[in-house]
Amino acid sequence: MLSTATHDPALAAATQEAEIDAVTAGATFGAVLRATPEFAAVLETGKALDADPVARAAIHAHNERREDLRVEAAMNLMTQEQTDEIGRLLDEMYAVPTVIAYVDATAAFGALCKETSTVISGLIGIDFAANSRSGGCCGG
Amino acid sequence: MLSTEIHEAAVEFGRSLRGAPSVSAYRAAQAALDADPQAQALMDELRYLQQTFIAAQQRGETPVPEAMETLRMCQADVRRNEVIMTHLRTTNDVKAFLPLAAAEVSRALGTDFAKLIAPTNC
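What counts and how
Residues numbered from 1 in each chain as written. Chains lettered and ligands numbered in written order. Predicted model: local features only at pLDDT ≥ 70, side-chain atom pairs only at ≥ 80, totals over all residues. Heavy atoms only, no water. Core = buried A, V, L, I, M, F, W, Y, C linked by side-chain atoms within 4.5 Å. Buried < 20%, exposed > 50% of the residue type's maximum accessible area, 1.4 Å probe, protein only. Helix = DSSP H or I, 4+ residues; strand = E, 2+ residues; numbered from the N terminus. Contact = heavy atoms within 4.5 Å. Phe/Tyr/Trp six-rings, centres within 6.5 Å; stacked < 30°, edge-to-face > 60°. Polar contact = N/O pair within 3.5 Å; in protein donor to acceptor, adjacent residues only side chain to side chain. Salt bridge = Lys/Arg side-chain N within 4 Å of Asp/Glu carboxyl O.

**Student:** In this structure, what is going on with the nonpolar core? I would like to understand it.
**Tutor:** In summary, soluble globular proteins display a tendency toward joint burial of nonpolar side chains. Judged by nonpolar contacts, the single largest core of 39 residues is most densely connected at L33 and F128 of chain A together with L17 of chain B. If you list the elements that add at least two residues to this core, you get helix 1 (9–34), helix 2 (37–50) and helix 6 (97–124) of chain A together with helix 1 (4–19), helix 2 (21–34), helix 5 (82–109) and helix 6 (113–117) of chain B. Residue contributions to this core peak at eight residues, all from helix 6 of chain A. Leaving out residues up to four positions away in the same chain, L33 of chain A has contacts with F39, F109, L112, C113 and T116 of chain A together with I6, V105, L109 and F113 of chain B. Grouped together as the second largest cluster of nonpolar side chains are 10 residues, A39, C74, V78 and I84 of chain B included.

If you want it as structure tokens, here you go:
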């Protein structure tokens, strides 16, 4: 969505161009983030995770059981035994070195992105992170 | 701590966004609101009346007609206040624009940038 045209065609063109410039600046910024060592670590640890059968099995076991108990969890009807089981599967998943490495890499890149968002917010005078999705921070 | 390169890239992107008409219009409208204590007081009054109205409904109470009339009059005053209405309109515009810019970041990055930076209470 770009600004609607004004009565002055030259101003309308300049307005539209400024908006296009701002949007395409996002592509430049995204490329810079993609080139960071932090992002490279996410890709590398992600590949290692995908290639690790122990990790895949642990993730699958946890995700499958969590899906089995999705309704109970949503309705707050999980038994203590079920809660403990999910906790155990989660611990087993997070004990796998390739999982730990991927989680750490993702967290580090996420933290970097959040820091950049703070810089951007300071310049534009509105919370960029909270307003980066249509419908607000939870999307829509 | 961001590296100089990343910090400068973020600043560059932020400056580009600041040059976008919807962002500069929002900033101007915010500055106008900040400089207008009467408009701020009117907004505070509206928020208070709305919250009181909602709280009464949540308690199962029917708001008295006088309270409803006070709320309606306040809403009419807000609609007549150009500073407040401009702020609301520009806020809507900038909130429609920022996801477009974030989507471009996501496209170049290859992953959902907005999701990465989303507040943790979201």
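**Student:** What is the right way to look at the packing of aromatic side chains in this model?
**Tutor:** A ring pair, where both rings are aromatic, is described by two values, the distance of the centres and the angle of the planes. Tallied over the full model, the rule gives five aromatic pairs over all chains. Judged by centre distance (5.1 Å) and plane angle (15°), the ring pair of F29 of chain A and F13 of chain B falls under stacked. In this pair, F29 of chain A sits in helix 1 while F13 of chain B sits in helix 1, so the two residues belong to two different chains. In terms of burial, F29 of chain A and F13 of chain B fall into one category: buried. Seen from their ring centres, F128 of chain A and F113 of chain B are 6.4 Å apart, and the 45° between their planes marks the pair as tilted.

**Student:** Honestly, the side chain of T116 of chain A in this entry has me stumped. Any pointers?
**Tutor:** Looking at the element boundaries, T116 of chain A is found in helix 6. Among the residues examined, T116 of chain A registers a relative accessible area of 0% and is labelled buried. A distance of 2.6 Å separates a polar atom in the side chain of T116 of chain A from the backbone oxygen of C113 of chain A. The residues touching T116 of chain A, leaving out its near neighbours within four places in the chain, are F29 and L33 of chain A together with L2, I6, A10 and F113 of chain B.

**Student:** What exactly am I supposed to notice about the interface of chain B and chain A here?
**Tutor:** A common way to report how large an interface is uses the accessible area buried once the components associate. Contacts between the two partners involve 46 residues from chain B and, on the opposite side, 41 residues from chain A. With a shortest N-O distance of 2.7 Å, D112 of chain B and R133 of chain A are connected by a salt bridge. Counting every contact that joins chain B to chain A gives four residue pairs in polar contact (both at pLDDT 80 or more). Broken down by secondary-structure element, the contributors of at least two residues to the side of chain B that touches chain A are helix 1, helix 2, helix 5 and helix 6 of chain B.

**Student:** Help me out: how do you make sense of the pattern of salt bridges in this one?
**Tutor:** A side chain of one charge can pair with a side chain of the opposite charge when the charged atoms of the two come close. Residue and element names in this part refer to chain A. Scanning the entire structure with this criterion turns up 11 salt bridges over all chains. Of the charged contacts in the structure, one is a salt bridge between R88 and E92, with a shortest N-O distance of 3.0 Å. Of this pair, R88 and E92 both sit in helix 5 (residues 80–94), four residues apart, roughly one helical turn. The network of salt bridges with common partners includes R65, D68 and E85.

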